[in-house]
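One letter stands for each residue in the lines below.
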Amino acid sequence: MMRRMTAVAANTFREAVRDRVLYNLVFFVLLLVASAPLLGQISIGVQRVLLINLSLSAISIFGTIISIFLGISLVSKEIERRTLYPVLARPAGRGEFIVGKYVGLAGTLLVNTSAMTLGFYAALLLMMGGLGRADGNILIAVYFILLQFLVLIGLALLFSSFSSPLLSALFALSMFVAGWFTADLRGFAESNHGLQGWLAFASSYLIPNLASLNVITRVAHDQPIPAALVGYNTVYALSYAAATLSGAALIFSRRNLK
Amino acid sequence: MAAVEILGLEKTYSVGFFRKQKKVGLKSLNLEVREREVFGFLGPNGAGKTTTLKLLMGLTSPTAGSARILGKNWRDPAARARIGFLPEQPYFYDYLTPKELLDYYGTLSGVTAADRRMRIPKLLERVGLADKADMQLRKFSKGMLQRIGIAQAVLHEPEIVFLDEPMSGLDPLARREVREFILDLHREGKTIFFSTHILADAEALCDRVAVLSRGELRGVGVVAELMTSAQKKVEIVWQGTAGIAAMNALGASCHPAGDLVRATVSHDRLDEALDILKRAQLPLVSVTPLGGSLEEYFLQKVQDPVEAHA
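Definitions and cut-offs
The residue count restarts for each chain, going from 1 along the sequence in the order it is written. Ligands are numbered from 1 and chains lettered from A, in the order in which they are written. Confidence filtering applies because this is a predicted model: local features only for residues at pLDDT of at least 70, side-chain atom pairs given and counted only at 80 or more, and all residues used for totals across whole chains, interfaces and linings. To qualify as a helix, a DSSP run of H or I must reach at least 4 residues; to qualify as a strand, a run of E must reach at least 2; elements of each kind are numbered from the N terminus. Three classes are used. A residue is buried when 20 or more other C-beta atoms lie within 10 Å of its own, exposed when 12 or fewer do, and partly exposed in between, with C-beta atoms placed from the backbone. This entry defines residue contacts through backbone-placed C-beta atoms, with two residues in contact when those atoms are within 7 Å. Radius of gyration: C-alpha atoms only; globule rule: 2.2 Å multiplied by the number of residues to the exponent 0.38. Pairing between strands requires that DSSP locate at least two bridges from one strand to the other. To define axes, lines are fitted to C-alpha atoms, for helices over the stretch in contact only, and angles between the resulting N-to-C directions are given on a 0 to 180 degree scale. In what follows, roughly perpendicular refers to angles from 65 to 115 degrees, roughly parallel to angles under 35, roughly antiparallel to angles over 145, and oblique to any angle outside these ranges. It is the rotation of the near helix from the far one that decides the hand of a crossing: anticlockwise by less than a right angle makes it left-handed, clockwise makes it right-handed. Under the convention adopted here, Pro, Cys and the residues Ala, Val, Leu, Ile, Met, Phe, Trp and Tyr are nonpolar, Asp, Glu, Lys and Arg are charged, and Gly plus all remaining residues are polar. The span one expects for a helix is its residue count, reduced by one, times 1.5 Å. The nonpolar core is taken to be a set of buried Ala, Val, Leu, Ile, Met, Phe, Trp, Tyr and Cys residues joined by way of C-beta atoms within 7 Å. Here pLDDT means the predictor's own confidence in every residue, given as a number from 0 to 100. Domain start and end points were adopted from an automatic or database domain assignment.

Caption draft 1: Summary view of the overall build of chain A. Scanning chain A for helices and strands turns up 11 helices and zero strands. Helices and strands appear in chain A in the N-to-C order α-α-α-α-α-α-α-α-α-α-α. With the C-alpha coordinates aligned to their principal axes, the bounding extent of chain A is approximately 60 × 55 × 30 Å. Each of the 258 residues in chain A was classed as buried or not, and the buried ones make up 38%. Within chain A, contacts between residues separated by at least 24 positions form 85% of all contacts whose residues are at least 6 apart in sequence.

Following this line, the structure appears as structure tokens:
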């Protein structure tokens, strides 16, 4: 079973690489190079904050786009092109296929994010003339961004297991946007009663809490990240991803292919 | 033991905006494919051939019924490991090379790395793609894709190979190659189940065939027997131009040529036709049975909507 999932994951990774998905790295480098003259005109302290904010936001945005748009096409493209037929006619289970696809895209994003992070550190080193201890904290923000990708790929796969690519993209993007306001939703739920309050309460737990995975501003200002938050976010994101992935596998295993 | 047993397999689709309307894709199908035979699954477009294959491959769920493959439930992974499948008009990952594609499918089928390393070059050689082993599939022609499709279907050395319209859309040369490949597989002792609407291919390759029309099984049997059971005609040739009117009355079509008349009459009116010639004292030149063809059988089964099914 592991061997089959690994094969599907490796094939997904290979597809992303050969379809030039990683070309976004070039844009990232261009962004850093283009922003250098701008950053050179401001004071040293602000330079660092700006570079961290700009780079980590770019890593997050590029990765989010890949997670959602590649995530929804992982299964739908295979169904549409019927490349799935010879795969599913084999002993490979549909659940194995879904998990393999998930791991493949997660691996692609890991490589992509790692390369961007290396580029960012190189830019930071050039700008500051060296790296301090506080710069290591930035890796926690990158780790949280990766956790965010794991959640988003799971959601994209879940939606694409039962709806069209267009609707899946719409649903996943809506969840992504709403994910930044779960705290507000909880506040709304507490101040409202009845059906309205209950719906807001349920939604605040169904929608991923992406705001808690964003510590970019905190690391840019050298604020410490508590270990408990790292633990909480890890458990939360992995559980959320596992739940969406299980849902996707369950729905896909019952789906009739046209 | 039967290679494939289809037991009342049925598929009904819900269509329309509210999915209230029902469309029958396959009516209760019962069929048995014997081990080591080439079995042709014939039918016009939309007859339900691909639906049947999709049901057998687990790509879609039946509304009712089940199947057994080599004695096991058709959904059992152990049964799936022993079959190969070529879908209709196959499309493969075009960013892969044939070598990579076969390696991927081989892994999914549980073929060990050592066996994959050994089998893939041999198989590529066998389907005539050895020199294209490292070329991306996006540069392949339809015929080449069909060959790689057959290669992936047999890479794990399955006992049964299911081929959905393997010759469809191919040029005569490519069709011939595919036909020879199927015969090779048959000689190796594999069971071949292939769907087609090209009757010449079925006639040349199959031991037995089944005819499907509008989702319903219309007939099944040994090709040679079906051909003889098809409505046959007899050609009678005699000397002299008399007797034509009487022959026409029997439903014969008469073609006088010089001193001879050539008439085609249905087999069951042969005695009456010969009586006419005897009474008129016309010299009989020849009586030649016109052999039935699979095409005749096929058309007879497909065009008759109320016939009791053989």
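Caption draft 2: Layout of the overall build of chain B. Regarding its fold elements, chain B presents 11 helices and 14 strands. Here chain B has a C-alpha radius of gyration of 25 Å; the compact-globule value for 310 residues is 19 Å, and the former is much larger. Taking the principal axes of its C-alpha atoms as reference, chain B extends roughly 80 × 50 × 40 Å. Taking all contacts inside chain B whose residues are at least 6 apart in sequence as the whole, residues at least 24 apart take part in 71%.

Caption draft 3: The pairing of strand β12 (residues 253-257) of chain B, seen in detail. All names here are of chain B. Judged by how many residues are buried, β12 sits mostly at the surface: zero of five residues are covered. Note: β12 against strand β13 (residues 260-266), five bridges, orientation antiparallel. Residue serine 253 lies in a different strand from β13, and its bridge partner there is threonine 264. Connecting β12 to the next strand, β13, in antiparallel fashion are two residues, including glycine 258 with a positive phi near 65°.

Caption draft 4: Seen up close, the sheet that holds β13 of chain B. Residue and element names in this part refer to chain B. Within the open sheet, the four strands sit side by side as β12-β13-β11-β14. Their pairing is antiparallel. Each edge of the open sheet is held by one strand with a lone partner, namely β12 and β14 (284-290). Put simply, the sheet's adjacent strands are angled 15° from each other on average, direction ignored. Packing against the sheet, helix α10 (residues 270-279) makes contact with β11 (233-239), β13 and β14, and its axis sits at approximately 5° to β11.

Caption draft 5: Region of interest: the packing of helix α8 (residues 182-191) of chain A against helix α9 (residues 194-206) of chain A. All names here are of chain A. Axis separation between α8 and α9 bottoms out at 8 Å; the angle between their running directions is 155°. Classified by the interaxial angle, the pair formed by α8 and α9 is roughly antiparallel. Two packed elements cross with a definite hand, and for α8 against α9 that hand is left-handed. The segment α8 lies against α9, with Thr182, Leu185, Arg186, Phe188 and Ala189 engaging Gly197, Ala200, Phe201, Ser203 and Ser204. Taken together, the residues of the contact of α8 with α9 sort by class into five nonpolar, four polar and one charged.

Caption draft 6: Molecular detail of the interface of chain A and chain B. Across the boundary between the two partners, chain A contributes 20 residues, which contact 22 residues of chain B. With six residues, the top contributor of residues to the side of chain A that touches chain B is helix α1 (residues 2-18) of chain A. Of the residues assigned to the side of chain A that touches chain B, the class counts are nine nonpolar, three polar and eight charged.

Caption draft 7: Local environment of helix α11 (residues 227-253) of chain A. Between its terminal C-alpha atoms α11 of chain A stretches 39 Å, which fits the 39 Å expected from 27 residues at 1.5 Å a residue. Buried within α11 of chain A we find Asn233, Ala237, Ala241, Thr244, Leu245, Ala248, Ala249 and Phe252 of chain A.

Caption draft 8: Layout of helix α3 (residues 98-108) of chain B. Taken across its 11 residues, α3 of chain B has nine buried, putting it largely inside the fold. Listed in full, the buried residues belonging to α3 of chain B are Pro98, Leu101, Leu102, Asp103, Tyr104, Tyr105, Gly106, Thr107 and Leu108 of chain B. Close packing links the buried residues of α3 of chain B with α1 and α4 (85-88) of chain A together with α4 (113-126) and α5 (142-154) of chain B. At the C-terminal side of α3 of chain B, glycine 110 of chain B shows a positive phi close to 85°.

Caption draft 9: Examining unusual backbone geometry more closely. Residues and elements named next belong to chain B. If you check the backbone angles, arginine 36 has positive phi at about 65° while not being a glycine. Within the secondary structure layout, arginine 36 lies in the loop between β2 (21-34) and β3 (38-42). In the Ramachandran plot, leucine 70 falls in the positive-phi region, its phi being about 50° despite a non-glycine side chain. For leucine 70, the position within the fold is in the loop between β4 (64-69) and β5 (72-73).

Caption draft 10: Spatial organisation of the packing of helix α5 (residues 94-128) of chain A against helix α6 (residues 138-160) of chain A. Residues and elements named next belong to chain A. Relative to each other, α5 and α6 sit at 150°, their axes nearing to 10 Å. Classed by the angle they form, the pair α5 and α6 counts as roughly antiparallel. As α5 packs across α6, the resulting crossing turns out to be right-handed. Taking contact as the criterion, the partners of Ile98, Tyr102, Leu105, Ala106, Leu109, Leu110, Thr113 and Thr117 in α5 are, on α6, Val142, Ile145, Leu146, Phe149, Leu150, Ile153, Gly154 and Leu157. Here the contact of α5 with α6 is built from residues that sort into 13 nonpolar, three polar and no charged.

Caption draft 11: Region of interest: the nonpolar core. If you look at the biggest cluster of nonpolar residues, it comprises 136 residues, and the most contacted ones within it are Leu157 of chain A together with Phe162 of chain B. A total of 17 residues in this core trace back to one element, the largest contributor, which is α6 of chain A. Leaving out residues up to four positions away in the same chain, leucine 157 of chain A has contacts with Gly71, Leu74, Val75, Ile98, Tyr102, Thr244, Leu245 and Ala248 of chain A.

Caption draft 12: Inspection of the confidence of the model for chain B at higher detail. Residue and element names in this part refer to chain B. The pLDDT averaged across chain B works out to 88; a share of 96% of its residues lies at or above 70. Below pLDDT 50 for its whole length, residues 306-310 participates in six contacts with residues either more than four positions away or in separate chains. Under the prediction, the complex receives an ipTM of 0.87, its pTM being 0.84.

Caption draft 13: Region of interest: the sheet that holds β3 of chain B. All names here are of chain B. Within the open sheet, the six strands sit side by side as β6-β7-β8-β3-β9-β10. Their pairing is mixed. Two strands close off the open sheet at either side, each with one partner strand: β6 (83-86) and β10 (216-222). Along the sheet, successive strands turn relative to each other by an average axial angle of 15°, direction set aside. Taken together, the five bridges between β3 and strand β8 (residues 191-196) define a ladder with parallel strand orientation. Paired with glycine 40 across the strands is phenylalanine 194, a residue of β8. Contacting β3, β9 (208-213) and β10, helix α11 (residues 294-303) crosses the sheet at an angle of about 30° to β9.

Caption draft 14: How the structure looks around the domain arrangement of chain B. Taken domain by domain, chain B holds domain 1 (2-228) and domain 2 (233-290). Here the C-alpha centre of domain 2 of chain B lies 47 Å away from the C-alpha centre of domain 1 of chain B.

Caption draft 15: Structural context of the pairing of β11 of chain B. All names here are of chain B. Examined bridge by bridge, β11 and β13 share seven bridges and lie antiparallel to one another. Residue pairing across strands places tryptophan 238 opposite valine 261, the latter belonging to β13. Taken together, the six bridges between β11 and β14 define a ladder with antiparallel strand orientation. Residue tryptophan 238 lies in a different strand from β14, and its bridge partner there is leucine 284.

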